[in-house]
Amino acid sequence: MKKVVPKNQANRLLNCGMVVMVSCAYKDKANITTCAWQMPLSKKPPAAAVALDKDHFSSDLMRESEEFIINIPDWSILDQVVKCGSWSGWNVDKFAETGLNSEKAHSLVNIPKVKECVGALECAVFDIKDVGDHHLFFGEVISAEAEEDYFKEGFWDTRKVQFIFHLGSRYFFKSSEFIEVEK
Ligand SMILES: Cc1cc2nc3c(=O)[nH]c(=O)nc-3n(C[C@H](O)[C@H](O)[C@H](O)COP(=O)(O)O)c2cc1C
């Protein structure tokens, strides 16, 4: 038997997307925020989107710069992922306070990548939709990279790298299997 889930918890039914760290910058400010609400949008042109609360410092920087980077963390940096999802760039320099290192992007001159992440998609904003309390940032992927030991023949090897998934609040799980099916 299924039970009714309150509408304000409906997002939790979908809330197990792979957690990413969105980095962004504008003028002399750089920031990282943790984001579970992300999605690929298109292969041609390559595009992806992230939904961020309008009041987040990152949203402010991204509305100004119209650029962002989706960094892909693995389980080994869960602690920093949680910190970047708990502290706000309005009052904390998250690169300095978490000890995460910034790295120059390939294409977006002013946006730092998170060096400890295993992959990154550098995005140029082509649209921003007001979707309630969040802004949905649509980004064209200008450049992408992945750790070569973990991304082989076009796929992540989840026997070697464990990604972070968020159930909401303080609850997480990690990818742990790699399964090939007959087509
Ligand atoms: C695992 C995790 C996932 C999160 N996902 C999102 C998300 O998808 N969208 C969002 O707006 N905030 C999300 N948050 C909350 C923000 O990361 C958090 O409020 C952060 O402090 C905002 O930082 P900023 O003000 O520096 O941008 C998430 C937090 C955690 C811990």
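Residues numbered from 1 in each chain as written. Predicted model: local features only at pLDDT ≥ 70, side-chain atom pairs only at ≥ 80, totals over all residues.

**Q** I tried to follow the pairing of strand β5 (residues 67-72) on my own but got confused; where do I start?
**A** Both faces of the sheet carry side chains from a regular strand, because those side chains alternate between them. Burial analysis of β5 places six of its six residues in the buried class, which makes it a mostly covered element. The side-chain alternation of β5 yields two buried faces, one formed by Glu67, Ile69 and Asn71 and the other by Phe68, Ile70 and Ile72. Relative to β5, strand β1 (residues 20-26) runs antiparallel, the two sharing three bridges. Along β5, the bridge assignment pairs Val22 with Ile70. Summarising the sheet, β5 and strand β8 (residues 119-130) pair through six bridges and their orientation is antiparallel. Paired with Ile69 across the strands is Glu122, a residue of β8. (Buried ≥ 20, exposed ≤ 12 C-beta atoms within 10 Å, placed from the backbone. Helix = DSSP H or I, 4+ residues; strand = E, 2+ residues; numbered from the N terminus. Pairing = 2+ DSSP bridges.)

**Q** Honestly, the sheet that holds strand β9 (residues 134-146) in this entry has me stumped. Any pointers?
**A** Sheet architecture is open: seven strands sit in the order β2-β1-β5-β8-β9-β4-β3, paired in antiparallel fashion. Of all the strands in the sheet, the pair left with one neighbour each is β2 (29-35) and β3 (38-42). Strand-to-strand twist across the sheet, computed as the mean angle between neighbouring axes with direction ignored, equals 35°. For β1 and β2, the ladder comprises seven bridges, and the chain directions are antiparallel. What sits directly across from Ser23, in β2, is Ile32. Against the sheet, helix α2 (residues 57-65) contacts β1, β2, β4 (47-53), β5, β8 and β9, and its axis sits at roughly 55° relative to β1. (Axes fitted to C-alpha atoms, helices over the stretch in contact; angles between N-to-C directions. Contact = placed C-beta atoms within 7 Å.)

**Q** Explanation requested: the site of the ligand in the structure shown.
**A** Around the ligand, 22 residues are found, and the nearest of them are Trp37, His56, Ser58, Gly85 and Gly89. Listing elements by their share of the shell around the ligand, those giving two or more residues are β2, β4 and α2. Per-element tally for the shell around the ligand: the top contributor is β2, with four residues. Tallied by class, the residues present in the shell around the ligand amount to ten nonpolar, eleven polar and one charged. (Near = placed C-beta within 6 Å. Nonpolar A, V, L, I, M, F, W, Y, C, P; charged D, E, K, R; others polar.)

Function cannot be read off these values alone, since they describe shape.
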